[in-house]
Amino acid sequence: MGARGFILQASYRVQAGVPVVYLFGKLEDGSTFLIRDRRQVPRFYIRAADEEAARALGAVRIAHSQRRTFAAEPTCRVELPTPGDTPALRDRLHASGIDTFEADVRFAVRYLIDRGVRGGCEIEGHARAGSGTRILFEDPELTPAPVPLTPAVLSFDIETDPKAKQLLAISLYGCGADEVLICDPDRREMPPQARAFGDEHALLDAFCARIGELDPDVLTGWNVIDFDLSVLERIARRVHHPLELGRDPGRLRIRAARGYFGSGSASIPGRLVLDGIDLLRGAFVRMDDYSLDAVAQEVLGEGKVLEGDAGGRAREIMHNYAEDLETFALYARTDARLALEIVEKMKLIELAFARSALTGMTPDRVAASIASFDFLYLSALHKRGIVASTVRSSDSRVSVAQAGGEVFEPRTGVHDGVWVFDFKSLYPSIIRTFNIDPLGFVAAPTPGDEALIVIDEQAAFRRGPAILPQMLDGLFPQRELAKEAGDPVASQAIKILMNSFYGVLGTPACRFHNPAIANAITGLGRHLLQWTRRWFEQQGYPVLYGDTDSLFVSSPGGADVHAKGERLAAAVTRAVGGYVGSRWRVESRLELEFEKLYQRLFLPSVRHGEAGARKRYAGQQQGADEVEFVGMEVVRRDWTELAKQVQRELYARLFADQAVDAYLADVVARVRAGELDDELIYHKGLRKRLSEYTASTPPHVAAARKSPNPPGRIVSYVITTDGPEPLDARVHPLDREHYVDKQIKPVAEPVLATLGLSFEQVIGDDRQMGLF
């Protein structure tokens, strides 16, 4: 049988002593499938010179190999009975000074790399009816193929008592369902779209049954792994329930989050678990607050049914569970619905599947940038018959100091008519232009070697076909086609992948980590930005500011200022091409784009100083209603809404040449009168557990320690006359003078200084000060 499908999940099981690859997926026609393949042999590589020493240490099965190391050394292949036998042998070899190659590559991932399968595949082989899936393939042949897939997605959410000990309900939304399953020993009459079950065991039975009936490819929700599934697993153990949710027998397995900021992962046979929060962060969508209520308000314009802080909502949930089942059921169903509507509107699951098709990682692992790079680069190495080093858990590699991008000191003040130019995908373009590649890297190059592109004394790269530039040569036109086709998901997936290449090369956890390569990329970026600055200024256009890949250039104004910006961008692109071509004998892939024109741009000085503040500015494009802010308080979560509103209004007035003094004096008066208390709340993230703050106690930590409820990742608090206090345990009056001095004054002073005014003078406090 020949069929085309998309791999959702890749794992293995050992059956009768033989490792069997398990691939769950979905065919083009919507049929679910399972591939079982017993032919894959666990293996890694060593240098051929180490063969006898490896045999003495227990490497029983060693075969000849045609592959070579980066240094062109011959290798041999070490084969093992099961993947679980690898770590012990690998560690013995390492302890004896024998290097291994690719001994850390996951068994099922190796299977996909060997076949070049990245998400979509052509399946040729015997098929029969499956049990948990519609079709079962035994030992088929797989070849890569593009296979579009729209997965079936089900969102769920649980409700518990405040301590998450008692399961009250499970709501389901998606795959045609919109319902809530309620644990109700009293067998009360249920509201619409709700069903009652006598105890937690019966509720878990119903939940597992509904998952099987609805048969989703993806389970999602909000914090669904670290909370919902973790709580369900704990309750299932207590009531002795197997909690089997998959397309094949097997329990839910949860890997706990590593570190305070980490997220856990969940494995269910044949189904993906994609947490809404992880999808959002993995897509590099920045939110001030990642709670479901906050994100729903931002994305959908709709929040939860219940309002108030977490403690108040928990009490109201328990009250409604006992006294108002209709409101309780609506709240539960709303949580599941909002989570799915967010990921659908933002196309986050589509993005995960698009990234899977690009990188070969299953959709639940696409945010792992190092693993994604590994998959792609190892696949290309294998086509060349080359093996890469093993990443050792005991590696002593540390992050060597790496230089960042160039940042020019700004020319402070208000500027009229400012062009903004950007180098398009600067670091990927540098990689393409200068043939930057781990395999082609040469340390300490000989000056004048015509076979090399010499970057500096520590880095050069061989001319000729190279892996990383070739990858990017394929991705750049793919992204342009996606843009032309109006496919923002595919475009974003490619952009994320391309931009990750520089980062992984500078990360010690990556097997291809090389500080000299990372520094060569950033060094070229700095050099090119400086060269381009000189070019503009030689043409009579002052450069007001520059940051990594962008230049802010003073324009002369005029009716054709936009067209002139486009012409200048093209002229610089040609000039840069000529420069790098003559100096390095390479074809430039660098392109400067005219991004926008600011009608007015404000570049502030550093606080309490005269030097320009880097990575901070405010600008307004011609005809735009809103002022754009970069790096300033309005775009930072740890400033109050009061400060943000004041900053927006002050800069709007500054750019419109309107007075600011009366407005500012009025705001301060209203704060002191208590009229703006709702806008005085701080939101600050915890970077570690409360118990780990020992050297110092920041305000948000002090507030969190006063709360009767367990802290979330974001602490909401106010400053009172007795210091910081959490919203759910505020006792003392607000310290409103704190907000005048620490929130309004800092955002107002840059504007006031530009106008020659002082804060105290504007708000009238200078008269009071003169009395003392």
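Thresholds, definitions, all that
- Residues numbered from 1 in each chain as written.
- Predicted model: local features only at pLDDT ≥ 70, side-chain atom pairs only at ≥ 80, totals over all residues.
- Heavy atoms only, no water.
- Helix = DSSP H or I, 4+ residues; strand = E, 2+ residues; numbered from the N terminus.
- Rg over C-alpha atoms; globule rule 2.2 N^0.38 Å.
- Buried < 20%, exposed > 50% of the residue type's maximum accessible area, 1.4 Å probe, protein only.
- Contact = heavy atoms within 4.5 Å.
- Areas by Shrake-Rupley, 256 points an atom, 1.4 Å probe, with all protein chains shown as cover.
- Pairing = 2+ DSSP bridges.
- Expected span 1.5 Å × (residues − 1).
- Phe/Tyr/Trp six-rings, centres within 6.5 Å; stacked < 30°, edge-to-face > 60°.
- Lys NZ or Arg CZ within 6 Å of the ring centre and 35° of its normal.
- pLDDT = per-residue confidence, 0-100.
- Axes fitted to C-alpha atoms, helices over the stretch in contact; angles between N-to-C directions.
- Salt bridge = Lys/Arg side-chain N within 4 Å of Asp/Glu carboxyl O.
- Lys, Arg positive; Asp, Glu negative; His and termini not counted.

S.K.: So, the overall build of the protein chain: which residues are in play, and what are the values?
M.R.: On a plain count of helices and strands, the protein chain comes out with 22 helices and 31 strands. For 772 residues, the compact-globule estimate of 2.2 N^0.38 gives 28 Å, and the protein chain sits close to it at 30 Å. Along the first, second and third principal axes, the C-alpha set of the protein chain runs to 90 × 85 × 50 Å. Within the span of the protein chain, comprising 772 residues, buried residues form 52% of the whole. For the protein chain, restricting intrachain contacts to residue pairs at least 6 apart in sequence, the fraction spanning at least 24 positions comes to 65%. Carbon and sulfur atoms provide 49% of the accessible area of the protein chain, an area that totals close to 34,100 Å².

S.K.: Go over the sheet that holds strand β4 (residues 43–47) with me, naming the residues and quoting the values.
M.R.: With antiparallel pairing, the four strands of this open sheet are ordered in space as β5-β6-β4-β7. A single partner strand is all that each edge strand has here, and the edge strands are β5 (61–68) and β7 (100–101). With five bridges joining them, β5 and strand β6 (residues 74–79) adopt antiparallel strand pairing. Across the sheet, residue Ile62 finds its bridge partner in β6, namely Val78.

S.K.: Requested: an account of the environment of Leu23, with residues and values cited.
M.R.: Tracing the backbone through its elements, the reader meets Leu23 in strand β2 (residues 18–27). Look at Leu23 and you get buried, because its relative accessible area is 0%. Along the chain, Leu23 and Gln9 lie 14 residues apart, while their C-alpha atoms are 5.7 Å from each other. Apart from the residues within four sequence positions on either side, Leu23 is in contact with Ile7, Gln9, Ala10, Phe33, Leu34, Ile35, Tyr111, Leu112 and Leu142.

S.K.: Which residues make up helix α20 (residues 736–754), and what are the values?
M.R.: For α20, with 19 residues, the first-to-last C-alpha span of 27 Å sits near the 27 Å given by 1.5 Å per residue. Within α20, the full set of buried residues consists of His738, Tyr739, Val740, Gln743, Ile744, Lys745, Pro746, Val747, Ala748, Val751 and Leu752. Check the buried side of α20 and you find it contacts α17 (641–655), α18 (661–672), β29 (682–685), β30 (714–720) and α21 (759–763). Positioned one or two residues after α20, Gly756 has a phi angle of 75°, which is positive.

S.K.: How would you summarise the packing of aromatic side chains if you had to cite specific residues and measurements?
M.R.: Using the criterion set out here, one finds 30 aromatic pairs in the structure. A centroid spacing of 5.5 Å and a plane angle of 70° characterise the contact between Trp419 and Tyr541, whose relative ring orientation is edge-to-face. With Trp419 in strand β20 (residues 413–423) and Tyr541 in the loop between α15 (515–538) and β24 (543–547), this pair connects stretches of sequence that are 122 residues apart. Pairwise contacts between aromatic rings join Trp419, Phe421, Trp535, Phe536, Tyr541 and Phe594 into one cluster. Stacked on the ring of Tyr111, the Lys or Arg Arg115 has its end atom at 3.6 Å from the ring centre. The ring of Tyr290 carries Arg281 above its face, with NZ or CZ at 4.2 Å from the centroid.

S.K.: Outline the confidence of the model for the protein chain, listing residues and values.
M.R.: Scored by pLDDT, the protein chain has a mean of 93; 96% of the residues are at 70 or more. Between residues 767–772, whose pLDDT stays under 50, and residues either more than four places distant or in other chains, the model counts one contact.

S.K.: Can you lay out the sheet that holds strand β21 (residues 441–442) for me, pointing to particular residues and giving the numbers?
M.R.: Here three strands make up an open sheet; going across it, the order is β21-β23-β22 and the pairing antiparallel. The outermost strands of the open sheet, each flanked by one partner alone, are β21 and β22 (452–456). Bridging between β21 and strand β23 (residues 459–462) involves two bridges; their strand directions are antiparallel. Looking at β23, one finds that Val442 is bridged to Ala460. Packing of α15 onto the sheet brings it into contact with β21, β22 and β23, and relative to β23 it is tilted by some 95°.

S.K.: Describe the pattern of salt bridges, naming the residues involved and giving the relevant values.
M.R.: By the definition in use, this model includes 59 salt bridges. Arg36 is paired through a salt bridge with Glu138; the nearest N and O atoms lie 2.5 Å apart. Of this pair, Arg36 sits in strand β3 (residues 32–37) while Glu138 sits in strand β10 (residues 135–138), and the two are 102 residues apart along the sequence. Glu138 carries the same exposure label as Arg36, and that label is buried. Via salt bridges that share partners, Lys26, Asp215, Asp217, Arg247 and Arg271 belong to a single interconnected network.

S.K.: Residue-level account of the side chain of Arg479, with values.
M.R.: By the element assignment, Arg479 lies in helix α13 (residues 467–484). Here Arg479 occupies a buried position and makes no salt bridge, while the nearest side chain of opposite charge, Glu480, is found at 5.7 Å.

S.K.: Break down the pairing of strand β16 (residues 218–221) for me, with residues and values.
M.R.: Along β16, one buried face is formed by Val218 and Thr220 and the opposite face, lined by Leu219 and Gly221, is buried too. Pairing of strand β12 (residues 153–160) with β16, which is carried by three bridges, proceeds in the parallel orientation. Looking at the pairing, Val153 lines up with Val218 of β16. Strand direction decides the pairing type here: β16 and strand β19 (residues 272–275), joined by four bridges, are parallel. For Gly221, the partnering residue across the bridge sits in β19 and is Asp275.

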